[in-house]
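# Architecture at a glance
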Amino acid sequence: MSLNSWFEKGMTFQEYVEAMNVNKEELLKIYNEVTIPEDTQAKLEQLKNRHWKVVTLTADWCGDALLNVPVIQKMMEIANIDTRFLIRDENLELMDQYLTNGKSRSIPIFVFMDEKGNEVNVWGPRSAEIEEIVSGMKKELPDKDDPNFQEKQTAVFKAIRTNFVEDKKYWNSVINSVEEKLFS
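Below, the structure is looked at part by part. Residue numbering note: each chain is counted from 1, following its sequence as written. Note on the predicted model: pLDDT of at least 70 is required for a residue's local features to be given, and 80 or more for side-chain atom pairs to be given and counted; whole-chain, interface and lining totals, by contrast, use all residues. As a rule here, side-chain values come from all non-hydrogen atoms in the structure, and water together with hydrogens is ignored.

## What about unusual backbone geometry?
Note the cis peptide between isoleucine 107 and proline 108, where omega equals 0°. You can see proline 108 is positioned in the loop between α6 (92–95) and β3 (109–113). Each neighbour pair has its own omega, and for glycine 124 with proline 125 the value is 5°, a cis peptide bond. Put simply, DSSP H or I for four residues or longer makes a helix, DSSP E for two residues or longer makes a strand, and each gets a number counted from the N terminus. Turning to its location among the elements, proline 125 is positioned in the loop between β4 (119–123) and α7 (128–139). Although it is not a glycine, histidine 51 adopts a positive phi angle of roughly 60°. With respect to the helices, strands and loops of the structure, histidine 51 is situated in the loop between α4 (38–45) and β1 (53–58).

## Considering the sheet that holds β4
Strand order in this open sheet of four strands is β2-β1-β3-β4, and the pairing throughout is mixed. The open sheet has two edge strands, β2 (82–87) and β4, and neither has a second partner. Pairwise comparison of adjacent strand axes, ignoring direction, gives a mean angle of 20° for this sheet. Two strands make a pair as long as DSSP finds a minimum of two bridges between them. Note that β1 and β2 share six bridges and pair parallel. Residue leucine 57 lies in a different strand from β2, and its bridge partner there is leucine 86. The strands touched by helix α9 (residues 168–183) within the sheet are β3 and β4, with β4 carrying the most contacts at an inclination of about 155°. All axes here are fitted lines through C-alpha atoms, helices being fitted over the stretch that makes contact, and every angle between N-to-C directions spans 0 to 180 degrees. Here, two residues are considered to be in contact whenever any of their heavy atoms come within 4.5 Å of each other.

## Some points on the pattern of salt bridges
Each reported salt bridge corresponds to a side-chain nitrogen of Lys or Arg within 4 Å of a carboxyl oxygen of Asp or Glu. A complete count under the given rule lists nine salt bridges for this structure. The shortest N-O distance in the salt bridge between arginine 161 and glutamate 26 comes to 2.7 Å. Here arginine 161 is found in helix α8 (residues 149–166), whereas its partner glutamate 26 is found in helix α3 (residues 24–33), with 135 residues between them in sequence. Judged by relative accessible area, which is 31%, arginine 161 ranks as partly exposed. Of the charged contacts, one joins glutamate 166 and lysine 29 as a salt bridge, the two residues approaching to 4.0 Å between their closest N and O atoms. Here glutamate 166, found in helix α8, pairs with lysine 29, found in helix α3; they are 137 residues apart in sequence, far enough to count as distant. Any residue under 20% of the maximum accessible area for its type is buried, any over 50% is exposed, and the rest in between are partly exposed; the area is computed with a 1.4 Å probe on protein chains only.

This is the structure we're talking about:
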């Protein structure tokens, strides 16, 4: 299937949010509170006449999607770039074309395409800065066979999720990373 066909198959942001069963309130909090810096807005506005589109592979249970989807959606609205959302596990044929490190179905993945449906750029599943922070937090976990592993892992994931929702430095990390990807 072409990227344009995948795009046509996808849900709008509104449809995606309405279909959410997990993280909806938190995603909308970020969406309603995130502010894109003026210099970034000026760059994004340069994309308005390019007629780009974005297909996003995601899932409502995903913590990275909770953070990245609303931030990048705001950015795409400024750039007048139409976005469509596909649930990862329902679209593995496309997902398997965008594996992280060639093996992992990590999400979200944002596939930017031109008006003809040609891939222009790909971003995801998280900024390098956030990857470093999350990896560092996970390194603190005990071995998987440790009796406390599950409890400690749950606590780490909860802390990451709370940081994503509450700490604007994470939002800014996404903005900076996407800006760098699109304009460098």
